[in-house]
Amino acid sequence: MHPDRTILTVSGELDMDTAPNLTEAADGIDLHGQTLALDLSAVTFVDSCGLNALLALRHRVGLTGGTLELCGLCDQALHLLDLTGTRPLFTLRTGP
């Protein structure tokens, strides 16, 4: 058990239609000094809007003194991070 760590599970596609749902779900979590681990192992696709939501969430968590972990990213999402040069901005984990 990690009292300073919250796991948020995301599934399906993280795209223009669904990225706002991730933002809304994270808005309801007190992130002050916390680690937010996004379990993305059930996410099958991430587009630029999904990446934008992840970057904005990373920024928001950082402003509160916390950290963001991305767990279980699919190959397509990892490729997107590589193409955009954003992989080094995230802490990546194989599982939550």
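(A) Representation of the overall build of the protein chain in the model. Across its full length, the protein chain holds three helices and four strands. The secondary structure elements of the protein chain, listed N-terminal to C-terminal, are β-α-β-α-β-α-β. For a compact globule of 96 residues, the expected C-alpha radius of gyration is about 12 Å, and the protein chain comes in at 12 Å, within 12% of that figure. Viewed in the frame of its principal axes, the protein chain has a C-alpha envelope of about 30 × 25 × 20 Å. Intrachain contacts of the protein chain at a sequence separation of at least 6 include 75% that bridge at least 24 residues. Carbon together with sulfur atoms contributes 55% to the accessible area of the protein chain, which is approximately 5400 Å² in total. On the protein chain, the mean spot of the 5 positive side-chain charges and the mean spot of the 12 negative ones are 10 Å from each other.

(B) How the structure looks around the pairing of strand S2 (residues 35-46). Here strand S1 (residues 5-14) runs beside S2; their pairing, made up of nine bridges, is parallel. The partner of Thr9 across the bridge, within S2, is Asp39. Of the crossover connections in this fold, the one passing from S1 over helix H1 (residues 19-27) to the parallel S2 is right-handed. Pairing geometry for S2 and strand S3 (residues 67-71), over five bridges, is parallel.

(C) Local environment of the pattern of salt bridges. A full pass over the atoms with the stated rule returns four salt bridges. Note that Glu69 is salt-bridged to Arg5, the shortest N-O span being 2.8 Å. Highlighted residues: Glu69 in strand S3 and Arg5 in strand S1, separated in sequence by 64 residues. Judged by relative accessible area, Glu69 falls into the buried class, the value being 9%. In this structure, the salt-bridge partner of Arg60 is Asp27, at a minimum N-O distance of 3.4 Å.

(D) Structural detail: the nonpolar core. By size, the foremost hydrophobic cluster in this structure holds 27 residues, and its most contacted members are Leu22, Leu36, Leu38, Leu57 and Leu70. Elements that contribute at least two residues to this core include exactly S1, H1, S2, helix H2 (48-63), S3 and helix H3 (75-84).

Procedures and definitions
- Residues numbered from 1 in each chain as written.
- Predicted model: local features only at pLDDT ≥ 70, side-chain atom pairs only at ≥ 80, totals over all residues.
- Heavy atoms only, no water.
- Helix = DSSP H or I, 4+ residues; strand = E, 2+ residues; numbered from the N terminus.
- Rg over C-alpha atoms; globule rule 2.2 N^0.38 Å.
- Contact = heavy atoms within 4.5 Å.
- Areas by Shrake-Rupley, 256 points an atom, 1.4 Å probe, with all protein chains shown as cover.
- Lys, Arg positive; Asp, Glu negative; His and termini not counted.
- Charge placed at Lys NZ, Arg CZ, Asp CG, Glu CD.
- Pairing = 2+ DSSP bridges.
- Right-handed = clockwise from strand over helix to strand, strands pointing away.
- Salt bridge = Lys/Arg side-chain N within 4 Å of Asp/Glu carboxyl O.
- Buried < 20%, exposed > 50% of the residue type's maximum accessible area, 1.4 Å probe, protein only.
- Core = buried A, V, L, I, M, F, W, Y, C linked by side-chain atoms within 4.5 Å.

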